[in-house]
Amino acid sequence: MDLKLLGEVFVTLLVITDPPGMMPIFVALTGPLPARDRNRAAWQAVALALGVIVVFAVAGQTLLDYLHVDLPALQAAGGLLLVLVALELLTGKGDEPSGQSTSNIALVPLGTPLLAGPGAIVATMLFVQQAEGLSDYTAIAAGIISVMIAVWIVLRFSGGIVKILRPGGIEVLTRIAGLLLAAIAVQLIADAVAAFVRHYAHMV
């Protein structure tokens, strides 16, 4: 196994997924839930993110080409999803999730586009395209799995923060998380628009 490549994959994806930055958003979305549901949301989000990243690593470019979808379009779609979630957090509509919402929270926005977002997908696809031989693929796989384990550990033990913050603190954190999500969403959309402009400028 190429340990240098393993380290590059691990550091790159760890910076992109940003587990410490994910924690306040995770706590804001799952704070009102019972501990059991919060823990389930953590592993569901990580499992979905791992699945999405693996699918795009194996067949990402083929899938996008088949659907005639450019990466900036995927990026803009992720930004629009985050805008909807951010509005719910900022307006307080997400404060009282129903019993059926645990999986929804885990899938969107936690699993995708926050964990398995355009950044993680593109980085993984680039690593796979540059890989040469089984040892490189093994290093990439080990790096992805290591990052997902690190993310799960951070989310799994975020319950301590919930106990410290109490309901009032969680409400404040929810509004802050909504603002952060809105900023992330705007940045994703702006980057996508800039990529489209560059692409069509080269075509002219």
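Residues numbered from 1 in each chain as written. Predicted model: local features only at pLDDT ≥ 70, side-chain atom pairs only at ≥ 80, totals over all residues. Heavy atoms only, no water.

- If you check an unreviewed UniProt entry, the chain appears there as UPF0056 membrane protein from Micromonospora musae.
- Regarding the chain, the UniProt comment filed under Sequence similarities (unreviewed entry) reads as follows: "Belongs to the UPF0056 (MarC) family." (UniProt positions renumbered as here; feature names shortened; annotations may be inferred.)

1. Description of the packing of helix 2 (residues 19-30) against helix 8 (residues 159-203)
Inference 1: For the pair helix 2 and helix 8, interaxial distance at closest approach is 7 Å and the crossing angle is 110 degrees. The angle between helix 2 and helix 8 places the two elements in the roughly perpendicular class. Counted together, Met23, Pro24, Ile25, Val27 and Ala28 of helix 2 and Ile161, Val162, Leu165, Ile170, Leu173, Thr174, Ala177 and Leu181 of helix 8 form the full contact between these two elements. (Axes fitted to C-alpha atoms, helices over the stretch in contact; angles between N-to-C directions. Helix = DSSP H or I, 4+ residues; strand = E, 2+ residues; numbered from the N terminus. Parallel < 35°, antiparallel > 145°, perpendicular 65-115°, else oblique. Contact = heavy atoms within 4.5 Å.)

2. Digging into the pattern of salt bridges
Inference 1: Tallied over the entire structure, the rule returns three salt bridges.
Inference 2: The salt bridge involving arginine 40 is made with aspartate 37; its shortest N-O contact spans 3.1 Å. Linking arginine 40 with aspartate 37, this pair stays in helix 3 (residues 35-67), spanning three residues, or about one helical turn.
Inference 3: Residue classification places aspartate 37 among the buried positions, given a relative accessible area of 16%.
Inference 4: A salt bridge links arginine 175 to glutamate 171; the nearest nitrogen and oxygen atoms lie 3.8 Å apart. (Salt bridge = Lys/Arg side-chain N within 4 Å of Asp/Glu carboxyl O. Buried < 20%, exposed > 50% of the residue type's maximum accessible area, 1.4 Å probe, protein only.)

3. Focus: the packing of aromatic side chains
Inference 1: This model, assessed by the stated rule, comprises one aromatic pair.
Inference 2: Taking 6.4 Å as the distance between ring centres and 20 degrees as the angle between the ring planes, the aromatic pair formed by phenylalanine 196 and tyrosine 200 counts as stacked. With phenylalanine 196 and tyrosine 200 both in helix 8 and four residues apart, this pair spans about one turn of that helix.
Inference 3: Judged by relative accessible area, which is 46%, tyrosine 200 ranks as partly exposed.
Inference 4: Of note, arginine 156 hangs over the ring of phenylalanine 157, and the distance from its end group to the ring centre comes to 5.3 Å. (Phe/Tyr/Trp six-rings, centres within 6.5 Å; stacked < 30°, edge-to-face > 60°. Lys NZ or Arg CZ within 6 Å of the ring centre and 35° of its normal.)

4. Overview of the confidence of the model for the chain
Low pLDDT marks stretches whose predicted atomic positions should not be read closely.
Inference 1: Put simply, the chain has an average pLDDT of 88, and 95% of its residues get 70 or more.
Inference 2: Helix 5 (residues 101-115) is the least confidently modelled element of the chain, averaging 83 in pLDDT, while helix 7 (residues 134-156) averages 96, the highest of any element. (pLDDT = per-residue confidence, 0-100.)

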